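# Structural features, examined
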Amino acid sequence: MGEVFAGRYELVDPIGRGGVGAVWRAWDHRRRRYVAAKVLQQRDAHSLLRFVREQALRIDHPHVLAPASWAADDDQVLFTMDLVAGGSLVHLVGDYGPLPPAFVCTLLDQLLSGLAAVHAEDVVHRDIKPANVLLEATGTGRPRLRLSDFGIAMRLGEPRLTETNLVVGTPGYLAPEQMLGAEPDFPADLFAVGLVALYLLEGAKPDAKALIQYFAAHGTPSAPKGIPEPLWQVVASLLQPDPESRFRTATGARKALAAAAELLPEPGPDDESIEIFDQLGPLPPGFAPEGPLKRAPGVGVKPRTTTTGTSPTGMGTGMGTDSGPGRRDGADSGGGPVEGGGPVESGGRPDGATPMGVGSSPGGRYSMGAAAPHATGPGEGPLPEPHTP
């Protein structure tokens, strides 16, 4: 039996390590399914602000891994996401090395599709990299990709908590304008997509600094060995150092990619088949695919205390479940009382280091940190309405 958080989420096993949060495989006793549960201690104020921002993001798209529900404890907070078992692009390249161009086109099309949905909400991801792009365990079938980890994402025009001259993101996947401290914008995300594409095609992390210097001094280089020219033209357009020279939108890049994919040769019968394995491993003793074998103490215990936060309007108390909006009249709607939790502005860590979130640890299937949580049961509820500046 695992520990129970807020009377609902039974923590099964940790599935990765990182800097500011903990990600567990958990059993949702209300919805009767396994989920990924990201847990954070409230003692780190900057991390908590990023956590609140991330759990406030709601984007319903098949290629985006966004939070689904949340709960709070006396000294911990948690939000849940779909459990994605196929690892990240790091695992895939680790298994196979450079991937076939046609397969890369499929992955990039899904990534750009998800990114277009993110940008449609005026959100800049700011941390697109292979470790933050997760995969369903589809075997040898068509891959299904999920863009994850919105811990440092920002809405356009949203103020930052960090100083404006601090660089926030992952070294090696930053656009030139990000390194100069420019305000977050969509073209920076597209530059990172270009670097991810090159990583998939070459099987190794690209040297972003050398690429930028070459582009600036000599213009667009010829296609690297093994990359078809039509596909390289799309990737090179994403990698232009000047943001004005890149694709302006993810949708525009996706259209160009589709045209390039049509010019690629069909895979041959001798080409290696790519299989995306289940990276999570077996369930620990006491758990089956249908859930826990025994009922754990604390399941279904109603929360009695109140947690606080910031509502979308700045004030107000609400509560509810992940199946509907929070109540503002104080009536019990199935969860515990909470203060509504609208997004709080934040930036990266005060020291400029890269925060770790779901999928961002190269050594784990997800990233995590913090000690294993214990339940004292104060409240849970739906994700708050997103804030529009």
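Values in this document were obtained by computation on a predicted structure and should not be read as measured data. (Residues numbered from 1 in each chain as written. Predicted model: local features only at pLDDT ≥ 70, side-chain atom pairs only at ≥ 80, totals over all residues. Heavy atoms only, no water.)

Let us now look at the overall build of the chain. Along the chain, the regular secondary structure elements total eight helices and 15 strands. Each of the 389 residues in the chain was classed as buried or not, and the buried ones make up 55%. Relative to all contacts within the chain whose residues are 6 or more apart in sequence, the contacts with residues 24 or more apart total 73%. (Helix = DSSP H or I, 4+ residues; strand = E, 2+ residues; numbered from the N terminus. Buried < 20%, exposed > 50% of the residue type's maximum accessible area, 1.4 Å probe, protein only. Contact = heavy atoms within 4.5 Å.)

Before going further, it helps to examine the nonpolar core. Ranked by internal contacts, the top residues of the largest apolar core, which has 61 residues, are Leu-92, Leu-99, Leu-107 and Leu-200. Those elements that place two or more of their residues in this core are α2 (89-96), α3 (101-120), β8 (133-135), β9 (145-147), α5 (186-202), α6 (208-218), α7 (229-238) and α8 (250-261). Not counting chain neighbours up to four residues away, the residues in contact with Leu-99 comprise Leu-92, Val-93, Val-104, Leu-107, Leu-200, Leu-201 and Ile-274. Membership of the second largest hydrophobic core comes to 14 residues, among which are Leu-65, Met-81, Val-84 and Leu-280. (Core = buried A, V, L, I, M, F, W, Y, C linked by side-chain atoms within 4.5 Å.)

Another aspect to go through is α6. Within α6, burial applies to Ala-208, Leu-211, Ile-212 and Phe-215. Buried positions in α6, seen along its axis, are confined to an arc of 100 degrees and lie on one side of it. Across α6 from its buried face, at more than 90 degrees, point the exposed residues Lys-209, Ala-217 and His-218. Structurally, α6 contributes buried residues whose contacts are with α4 (176-179), α5 and α7. Phi turns positive one or two residues past the end of α6, at Gly-219, with a value near 85 degrees. (Arc of directions from axis to C-beta.)

This brings us to the pairing of strand β3 (residues 22-28). Of all seven residues making up β3, seven are buried, and the element is well covered by its neighbours. Of the two faces of β3, the one carrying Ala-22, Trp-24, Ala-26 and Asp-28 and the one carrying Val-23, Arg-25 and Trp-27 are both buried. Pairing geometry for strand β2 (residues 9-14) and β3, over five bridges, is antiparallel. Residue pairing across strands places Leu-11 opposite Ala-26, the latter belonging to β3. (Pairing = 2+ DSSP bridges.)

This next bit is on α7. For α7, the set of buried residues is Leu-231, Trp-232, Val-234, Val-235, Ala-236 and Leu-238. The elements touched by buried residues of α7 are α3, α5, α6 and α8.

Contact geometry of α7 with α8 gives a least axis separation of 8 Å together with a crossing angle of 165 degrees. Judged by the angle between their axes, α7 and α8 are roughly antiparallel. At the point where α7 passes α8, the crossing takes the left-handed sense. Note on element contacts: α8 touches α7 through Ala-253, Ala-256, Leu-257 and Ala-260, opposite Pro-230, Leu-231, Val-234 and Leu-238. Within the contact of α7 with α8, the residues separate by chemical class into eight nonpolar, no polar and no charged. (Axes fitted to C-alpha atoms, helices over the stretch in contact; angles between N-to-C directions. Parallel < 35°, antiparallel > 145°, perpendicular 65-115°, else oblique. Left-handed = near helix turned anticlockwise from the far one by under 90°. Nonpolar A, V, L, I, M, F, W, Y, C, P; charged D, E, K, R; others polar.)

To continue, consider the environment of Leu-135. Considering the arrangement of structural elements, one finds Leu-135 in strand β8. Setting aside anything within four residues of it in sequence, one finds Leu-135 in contact with Val-84, Ala-85, Gly-86, Gly-87, Ser-88, Leu-89, Leu-92, Leu-107, Arg-144, Leu-145 and Ile-276.

With the rule as written, the count across this model stands at eight salt bridges. Of the charged contacts in the structure, one is a salt bridge between Asp-127 and Lys-129, with a shortest N-O distance of 3.9 Å. Like Lys-129, Asp-127 is buried. Among the ionic pairs, Glu-177 bridges to Arg-246, the shortest N-O distance being 2.7 Å. With Glu-177 in helix α4 and Arg-246 in the loop between α7 and α8, the pair connects residues that are 69 residues apart, well separated along the chain. (Salt bridge = Lys/Arg side-chain N within 4 Å of Asp/Glu carboxyl O.)

The next subject is the packing of aromatic side chains. Within this structure, the stated rule accounts for one aromatic pair. Centroid distance Trp-27 to Tyr-34: 4.8 Å. Interplanar angle 70 degrees. Geometry classified as edge-to-face. For Trp-27, a relative accessible area of 2% gives the class buried. (Phe/Tyr/Trp six-rings, centres within 6.5 Å; stacked < 30°, edge-to-face > 60°.)

At Ala-6, a residue that is not glycine, the phi angle is positive and equals roughly 60 degrees. Relative to the assigned elements, Ala-6 resides in the loop between β1 (4-5) and β2. Classification of Ala-6 as buried rests on a relative accessible area of 1%. Positive phi is not limited to glycine here, since Asp-149 has a value of about 65 degrees. Structurally, the position occupied by Asp-149 is in the loop between β9 and β10 (154-155). Residue Asp-149 is classed as buried on the basis of its relative accessible area of 5%.

Before going further, it helps to examine the confidence of the model for the chain. When pLDDT is low, close inspection of the predicted coordinates is not appropriate. On average, residues of the chain carry a pLDDT of 76, and 69% of them reach 70 or more. Predicted confidence for residues 304-389 stays below pLDDT 50, and this span has 277 contacts to residues more than four positions away or in other chains. (pLDDT = per-residue confidence, 0-100.)

Moving on, we come to the pairing of β2. Burial of β2 is extensive: five of the six residues sit out of reach of the surface. Sheet analysis places β1 next to β2, joined by two bridges and oriented antiparallel. Bridge pairing links Val-4 to Glu-10 in β2. The turn linking β1 back onto β2 is made up of three residues, and Ala-6 within it adopts a positive phi angle of 60 degrees.

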